[in-house]
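Listed below, chain by chain, are the residues.
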Amino acid sequence: MSEVVFTVAIDGPAAAGKGTISRAVAERFGFAHLDTGALYRAVGVKGGDPILAAQTLEAADLQRGDLRSLEAGQAASRVAAIPEVRAALLEFQRRFARRDGGAVLDGRDIGTVICPAAEVKLYVTASAGIRARRRWLELGGEAGPKPFEAVLAEVVERDERDMNRADAPLKPAEDALIIDTSDLSIEEAVAAAVAAVIAARAASQGE
Ligand code: DC
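Computed from a prediction, not measured in an experiment: that's the story for all the values here.

Asks: Quick rundown of the overall build of the protein chain? Include the residues and the values.
Replies: Summing up its helical and strand segments, the protein chain has nine helices and five strands in all. When the helices and strands of the protein chain are read in sequence order from the N terminus, they spell out β-α-β-α-α-α-α-β-α-β-α-α-β-α. By principal-axis analysis of the C-alpha atoms, the protein chain measures approximately 50 × 40 × 30 Å. Out of the 207 residues in the protein chain, the part that is buried amounts to 46%. Look at the contacts in the protein chain between residues 6 or more apart in sequence, and 76% of them connect residues 24 or more apart. When the accessible area of the protein chain is evaluated, it comes to approximately 10100 Å², of which 55% is carbon and sulfur surface. Each charge class in the protein chain was averaged separately, 25 positive and 31 negative side chains, and the resulting centres sit 1 Å apart.

Below, the structure is given as structure tokens:
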């Protein structure tokens, strides 16, 4: 018997809370989760020709310990503007989205390009200042390697590049539910996402 195909697309800028929400939604509903930013990060840190790196990406590339660094994020954002890199990663993401049993994908273009037919589309955002503060605290705050202003500058630079590239720029899908996490606790943000999934599942079962 075929299981249910059900996709939750979660897009938004860096450090808005997409990862936390995606993992919580996947766990709550038993869906598989793909952090698509990790694909671009792996391409960005691999070195050499980014197009070739994307075309030959392997599972081991996604296990590297340095993928979560600020530098990997910047490198990812740069290679992500190359259309051939995006094209090389597209089919894998599409297949993942429609796998049996349900899937949550988080990234920048999931609801707009990878899976425009996703049953749930969320756009998770927060002000640049708040996102930079979260990233700065994650890195150790005052005891960490970078002053807050440097982290803020990187967040703003990455937003600019991701939102203004020609191919698959970051923007909400027209029918996305916007969740602004600036003033929400993690629990509140997760609850909003879970409620959207429950409503969409009820609607699809009622059809
Ligand atoms: O979500 P993240 O911070 O791990 O993403 C790193 C970079 O990868 C992001 O700045 C832009 C790029 N990216 C993308 O272009 N499309 C995606 N679906 C996911 C990430």
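Asks: For the site of the ligand, give the residues involved together with the corresponding values.
Replies: Near the ligand lie 16 residues; those nearest to it are Arg41, Arg86, Arg158, Asp162 and Arg165. Asp162 is positioned with one of its side-chain polar atoms (N or O) 2.7 Å from an oxygen atom of the ligand. One nitrogen or oxygen atom from the side chain of Arg165 is found 2.8 Å from an oxygen atom belonging to the ligand. Protein chains shield 98% of the accessible area of the ligand, which is 450 Å² for the free molecule.

Asks: Tell me about helix H7 (residues 128-138), residues and numbers included.
Replies: Where H7 is concerned, the buried positions are Arg131, Ala132, Arg135 and Trp136. Viewed end-on, H7 has its buried residues packed into an arc of 135°, placing them on one side of the element. Buried residues belonging to H7 abut helix H2 (36-46), helix H4 (70-79) and helix H8 (148-164). Trailing H7 by a residue or two, Gly140 shows a phi angle of about 115°, which is positive.

Asks: Requested: an account of the packing of H4 against H8, with residues and values cited.
Replies: Two elements in contact, H4 and H8, have axes whose closest approach is 10 Å; the angle formed by their N-to-C orientations is 20°. Of the possible angle classes, the one that applies to H4 and H8 is roughly parallel. The handedness of the crossing between H4 and H8 comes out as left-handed. Judged by residue contacts, Leu70, Gly73, Gln74, Ser77 and Arg78 of H4 engage Val151, Glu154, Glu157, Arg158, Arg161 and Asp162 from H8. Looking at the contact of H4 with H8, its residues break down into two nonpolar, three polar and six charged.

Asks: Could you give an account of the packing of H2 against H4, with specific residues and numbers?
Replies: Contact pair H2 / H4: the axes reach a minimum separation of 7 Å and the direction vectors enclose 95°. In terms of their interaxial angle, H2 and H4 are classed as roughly perpendicular. The residues of H4 that touch H2, namely those facing Tyr40, Arg41, Val43, Gly44 and Val45, are Ala72, Gly73, Ala75, Ala76 and Val79. Classifying every residue of the contact of H2 with H4 gives seven nonpolar, two polar and one charged.

Conventions we followed
- Residues numbered from 1 in each chain as written.
- Predicted model: local features only at pLDDT ≥ 70, side-chain atom pairs only at ≥ 80, totals over all residues.
- Heavy atoms only, no water.
- Helix = DSSP H or I, 4+ residues; strand = E, 2+ residues; numbered from the N terminus.
- Buried < 20%, exposed > 50% of the residue type's maximum accessible area, 1.4 Å probe, protein only.
- Contact = heavy atoms within 4.5 Å.
- Areas by Shrake-Rupley, 256 points an atom, 1.4 Å probe, with all protein chains shown as cover.
- Lys, Arg positive; Asp, Glu negative; His and termini not counted.
- Charge placed at Lys NZ, Arg CZ, Asp CG, Glu CD.
- Near = heavy atom within 4 Å.
- Polar contact = N/O pair within 3.5 Å; in protein donor to acceptor, adjacent residues only side chain to side chain.
- Arc of directions from axis to C-beta.
- Axes fitted to C-alpha atoms, helices over the stretch in contact; angles between N-to-C directions.
- Parallel < 35°, antiparallel > 145°, perpendicular 65-115°, else oblique.
- Left-handed = near helix turned anticlockwise from the far one by under 90°.
- Nonpolar A, V, L, I, M, F, W, Y, C, P; charged D, E, K, R; others polar.

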